[in-house]
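Survey of secondary and tertiary structure
One letter stands for each residue in the lines below.
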2 protein chains.
Amino acid sequence: MMSDQVASLIDLFVFKHQRVLEGLPQPTLHVIDSCSNRRRFQNGDLIFKQGDSPKGVFILKSGLVKIVYTSPAGQRTLVYIYKPGDWFGYRQALTMDNNQISAIAIEKVEVDFISNDDFIKLIEEHPKFSHNLLVTLSHEFTIWVKRLSLFTRLSVKTRLAICLLILHERFKSLGQEPTVILFSRPDLADFIGVTIESTVRALSEFKAQGLVAVRGRSIRIKDTQALYDSIGEV
Amino acid sequence: MMSDQVASLIDLFVFKHQRVLEGLPQPTLHVIDSCSNRRRFQNGDLIFKQGDSPKGVFILKSGLVKIVYTSPAGQRTLVYIYKPGDWFGYRQALTMDNNQISAIAIEKVEVDFISNDDFIKLIEEHPKFSHNLLVTLSHEFTIWVKRLSLFTRLSVKTRLAICLLILHERFKSLGQEPTVILFSRPDLADFIGVTIESTVRALSEFKAQGLVAVRGRSIRIKDTQALYDSIGEV
DNA sequence: CGCCCGGTTGAAGCTCTTCAACTAGTGTGG
DNA sequence: CCACACTAGTTGAAGAGCTTCAACCGGGCG
């Protein structure tokens with residue numbers, strides 16, 4: 001169970017991709033279905049790579065996908081975590097610029113893949129689909145503004161707490177009970193935007209306060225509300 | 001004159017809104033023209049306010065517009081600066097969520113205003129326009145990723161330098177010679193995401209190094225390439 | 001005239017990073 | 001199968017960088 005407070009905090013930072021298929025006419029759904037084909041990846045597999053040309057669009061069916069940006073200086077940023085139901089890769093398919101980011105599988109991943117050509121055809125021939133995408137992309141803007149302000153002037157502890165709550169919600173969708181966050185320290189550090197050491201220290205504090213249980217790279221939040229309460233006003 | 005290096009750095013952080021009107025058929029351009037009406041604002045005027053319901057879409061004709069987000073805890077973030085040719089407010093018009101941000105005029109501002117209803121009609125009846133908006137929004141994603149990584153783990157001096165170069169490009173479009181950045185310290189601090197004092201100190205260093213000339217809130221970059229060179233690899 | 005806000009500077013302190021060392025897993029090749 | 005190499009995880013100590021608090025100047029406005 002997740003409290004309203006926690007749920008609405010998370011809402012500030014995650015995309016609402018249910019909207020992509022919302023209210024689509026049956027023929028459109030059928031076309032989407034018929035032009036997509038299933039692909040599978042193992043934990044750690046590269047789904048697409050920064051610098052490559054975009055191949056098409058992915059609809060995540062099971063598992064999680066992390067999006068990573070590496071700056072010219074080699075600085076890694078973990079930009080986003082997709083969960084089942086989310087669409088990704090469609091921005092590159094639209095602009096046809098080379099990928100600015102890499103997509104990497106977390107756990108076993110299944111996706112439905114739609115090629116660039118099919119996707120563009122979908123947009124051109126199905127106005128309601130195109131409109132849904134516009135609304136979805138617009139909503140994502142709001143998320144980025146919040147994310148930016150999260151990264152700015154919030155303490156490492158606060159950022160870690162928020163990131164853990166987001167990860168909890170993401171990993172929850174994998175369906176295991178109890179929900180366990182399986183995430184390496186380097187990934188966690190790149191997600192909250194600090195060094196590994198700072199991440200470890202902040203995590204140890206949460207451990208000492210009894211807010212989380214840690215064993216290796218598996219992190220379990222004992223009480224989401226208590227973790228939320230430790231944040232203070234954002 | 002701006003060097004290629006400086007120009008391509010700035011390209012990483014600014015939207016390309018020329019694409020919105022690119023290749024539109026004459027009738028579409030005509031409809032856009034006929035449903036928009038001119039509005040004027042003075043320096044500091046609120047064009048729309050965080051929390052209000054969206055009224056419509058704005059096409060910036062002259063002056064600059066700053067987009068500000070204020071967190072529940074009162075933390076301000078200067079999210080973006082629009083320049084002539086840019087469109088803004090269309091994301092809210094699409095989602096119809098209340099504004100998450102405020103838009104404030106810098107200098108004398110002229111905009112063309114299109115009401116929500118007219119805008120939605122435009123999208124529904126002009127597929128090429130709708131497609132252009134999709135591409136434009138997709139491109140903006142790239143900008144946000146870069147912006148996020150800029151805010152993460154770069155020093156205040158580096159962030160200030162980049163922000164000054166961005167502001168220089170924005171203010172340049174106002175057409176004054178020489179290009180002068182008219183920007184208060186609090187705004188500058190909210191833009192780079194640090195305290196006012198840190199901003200002032202970093203700016204003083206640039207002043208001491210002869211990279212910028214400062215008089216009150218007017219900042220002139222003496223040599224954009226030299227300022228760029230002071231950054232090091234990003 | 002006094003007040004408030006913007007701009008600036010100094011000093012103190014805290015937060016986060018850096019560097020270094022050590023332990024614990026994990027996979028590879030002899 | 002074990003030696004080893006490599007990465008992940010953890011902790012400590014030192015120090016850089018940024019914030020906070022405080023004080024001061026100056027200009028615009030009621």
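Residues numbered from 1 in each chain as written. Chains lettered and ligands numbered in written order. Predicted model: local features only at pLDDT ≥ 70, side-chain atom pairs only at ≥ 80, totals over all residues. Heavy atoms only, no water.

**Details of the relation of the copies chain A and chain B**
Using the following cut-off: Superposition of the copies was done by least squares, using only C-alpha atoms of residues whose pLDDT is at least 70 in both. Any pair of residues with heavy atoms lying within 4.5 Å of one another is described as a contacting pair.
Overlay of chain A on chain B (RMSD 0.0 Å): rotation 180°, translation along the axis 0.0 Å. Taken together, the turn and the small shift mark the pair as related by a two-fold rotation axis. Take the interface residues of chain A: 100% of them recur as interface residues in chain B, which is what a same-surface contact looks like.

**Some remarks on unusual backbone geometry**
Cut-off, in case you're wondering: Per the convention used, a helix needs a DSSP run of H or I reaching at least four residues, while a strand needs a run of E reaching at least two, with both numbered from the N terminus. For each residue, the accessible area found with a 1.4 Å probe, counting protein chains only, is set against the maximum for its type, and the residue is called buried under 20%, exposed over 50%, and partly exposed in between.
Of note, the amide linkage connecting Glu177(A) to Pro178(A) takes the cis form, showing an omega dihedral of -5°. Its location among the elements puts Pro178(A) in the loop between α6 (156–172) and β7 (181–182). Of note, Met96(A) is a non-glycine position whose phi angle comes to about 60°, a positive value. Note on Met96(A): relative accessible area 47%, which makes it partly exposed. Residues other than glycine seldom take positive phi values, yet Glu107(B) does so here, at roughly 65°. Tracing the chain through its elements places Glu107(B) in strand β6 (residues 102–115).

**Observations regarding helix α2 (residues 26–35) of chain A**
In an α-helix there are 3.6 residues to a turn, and that puts residues three or four apart on one side. Residues and elements named next belong to chain A. This is how it is decided: Arc definition: directions from the helix axis to the C-beta atoms.
Among all positions in α2, only Thr28, Ile32 and Cys35 are buried. Axial view of α2: buried residues confined to an arc of 80°, hence all on one face. Exposed side chains of α2 directed beyond 90 degrees from the buried face belong to Gln26, Pro27, His30, Asp33 and Ser34. Contacts made by the buried residues of α2 are with β1 (37–41), β5 (87–88), β6 (102–115), α4 (116–125) and α5 (127–151).

**Topic: the interface of chain A and chain B**
Cut-off, in case you're wondering: As a working definition, buried area equals the accessible area (1.4 Å probe) given up by two parts on being put together, with both sides summed. Any carboxyl oxygen of Asp or Glu that lies within 4 Å of a side-chain nitrogen of Lys or Arg is treated as forming a salt bridge with it. Between N or O atoms, a polar contact is any pair within 3.5 Å; within protein, one atom must be a potential hydrogen donor and the other a potential acceptor, and residues adjacent in sequence are included only when both atoms are from side chains.
Taken together, the contact between chain A and chain B spans 42 residues of the former and 42 residues of the latter. Of the roughly 4100 Å² buried between chain A and chain B, counting both surfaces, carbon and sulfur atoms make up 69%. For the chain A face of the interface with chain B, the top three residues by lost area are Phe141(A), Leu148(A) and Arg153(A), together amounting to 19%. Connecting chain A to chain B are 2 salt bridges. A salt bridge links Arg153(A) to Asp190(B), with the nearest nitrogen and oxygen atoms 3.5 Å apart. Along the contact surface separating chain A from chain B lie 9 residue pairs in polar contact (both at pLDDT 80 or more). Within the residue set of the side of chain A that touches chain B, elements represented by two or more residues are β4 (76–82), α3 (90–95), α5 and α7 (185–192) of chain A. Per element, the largest residue contribution to the side of chain A that touches chain B is 17 residues, and it comes from α5(A).

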